[in-house]
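Letter by letter, the chains look like this.
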Amino acid sequence: MFDVPTILTTVIEERGGNLIQAIQDVFPDQRPINRTSINTWEDRRVVEAVEKTGRKKLIIAGLWTEICVAMPAIHALADGYDVFVVTDASGGVSAESHDMAVRRMERAGVVPVTWLVVSSEWQRDWAREETANQLGPILFEHGGATGAALAWELQLLATPTTGGAGA
């Protein structure tokens, strides 16, 4: 919805390393780069795909924070990219593994963020109705208290301000 270049990767699809279907459904026309390297940044096709976007800020999320996320995040950072990791869209083999990976990346200079922060920074202003109308349903379904607060705010905005008990 925000027209952000997105690169999908998988690891050895032929052995079951397929992309989670819900993610593939968001990008139905994109074929993930099927790689064998543990560190995504060591696959030249991935780096070339990133370079092709012309962007210098990367937002990374993935399965296994301590491997699939930390390794390419730190590597890309060393290559001069500003790297943000979506911590609540990534997971380690345990809570401790995830936490240690996030700490390691922070010490290296990677910035941890959440999916709500990313979507809010991209939205910036609810007056941007085209994306607001697409983001709203996502927040209602997946945004927890934020979704509930948004529903409440929209209800308040729709309430007439003339007369009645609320006036």
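Bear in mind the structure is a predicted one, so any value in this text is a computation, not a measurement.

### Remarks on the pattern of salt bridges
In this structure the tally under the stated criterion is four salt bridges. Between Arg44 and Glu51 there is a salt bridge, and its shortest N-O distance comes to 3.2 Å. Taking the relative accessible area as the measure of exposure, Arg44 reaches 46% and is therefore partly exposed. Close ionic contact of Arg103 with Asp99 constitutes a salt bridge, the shortest N to O distance being 3.0 Å. Remark: Asp99 and Arg103 occur in helix H4 (residues 95-108); sequence separation between them is four residues, near one turn of the helix. Residue Asp99 is classed as partly exposed on the basis of its relative accessible area of 30%. One continuous salt-bridge network, built from bridges that share partners, spans Arg44, Glu48 and Glu51.

### Quick word on helix H6 (residues 129-142)
Here H6 is 14 residues long and its end C-alpha atoms lie 20 Å apart, about the 20 Å a rise of 1.5 Å per residue gives. Along H6, the helix axis deviates most sharply at Leu135, where the bend reaches about 25°; the proline Pro137 sits within four residues downstream. The complete set of buried residues in H6 reads Thr131, Ala132, Leu135, Gly136 and Leu139. Against the buried residues of H6 lie helix H5 (115-123) and helix H7 (144-158). Among the residues trailing H6, Gly144 stands out with phi positive, at a value near 55°.

### Notes on the nonpolar core
If you look at the biggest cluster of nonpolar residues, it comprises 16 residues, and the most contacted ones within it are Val83, Val85 and Met105. Broken down by secondary-structure element, the contributors of at least two residues to this core are helix H2 (44-53), strand E3 (57-60), helix H3 (65-78), strand E4 (82-86) and H4. With four residues, H3 is the single largest residue contributor to this core. Not counting chain neighbours up to four residues away, the residues in contact with Met105 comprise Thr65, Val69, Ala70, Ala73, Ile74, Val85 and Val110.

### A word on unusual backbone geometry
With a phi angle near 55°, Asp3 is a residue other than glycine that sits in the positive phi range. Take Asp3: it is sitting in the segment before strand E1 (9-11). Phi angles above zero are rare outside glycine, and Arg124 is one such case at about 60°. Locating Arg124 in the fold gives a position in the loop between H5 and H6. For Arg124, a relative accessible area of 63% translates into the label exposed.

### As for the pairing of E3
The alternating pattern of E3 places Leu58 and Ile60 on a buried face, while none of Lys57 and Ile59, on the opposite face, is buried. As defined by bridge partners, E3 adjoins E4 across four bridges and the pair is classed as parallel. Bridging across to E4, Leu58 finds its partner in Val83. For the segment spanning E3, H3 and E4, crossover handedness is right-handed.

### Examining the pairing of E4
For a regular strand, side-chain orientation follows a simple rule: the groups alternate between the two sheet faces. Where E4 lies against strand E5 (residues 111-113), three bridges are found, and the strand directions are parallel. Of the residues in E5, the one forming a bridge with Phe84 is Val111. What joins E4 to E5 is H4, and the crossover it makes is right-handed.

### Some points on the environment of Gly143
Relative to the elements of secondary structure, Gly143 occurs in the loop between H6 and H7. Relative accessible area serves as the criterion here: at 12%, Gly143 is assigned to the buried category. The sequence separation of Gly143 and Trp115 amounts to 28 residues, and the corresponding C-alpha distance is 9.4 Å. Sequence-distant contacts of Gly143, defined by excluding residues within four places in its chain, comprise Trp115 and Ile138.

Parameters at a glance
- Residues numbered from 1 in each chain as written.
- Predicted model: local features only at pLDDT ≥ 70, side-chain atom pairs only at ≥ 80, totals over all residues.
- Heavy atoms only, no water.
- Salt bridge = Lys/Arg side-chain N within 4 Å of Asp/Glu carboxyl O.
- Buried < 20%, exposed > 50% of the residue type's maximum accessible area, 1.4 Å probe, protein only.
- Helix = DSSP H or I, 4+ residues; strand = E, 2+ residues; numbered from the N terminus.
- Expected span 1.5 Å × (residues − 1).
- Bend = angle between axes of the 7 residues up to and from the residue.
- Contact = heavy atoms within 4.5 Å.
- Core = buried A, V, L, I, M, F, W, Y, C linked by side-chain atoms within 4.5 Å.
- Pairing = 2+ DSSP bridges.
- Right-handed = clockwise from strand over helix to strand, strands pointing away.

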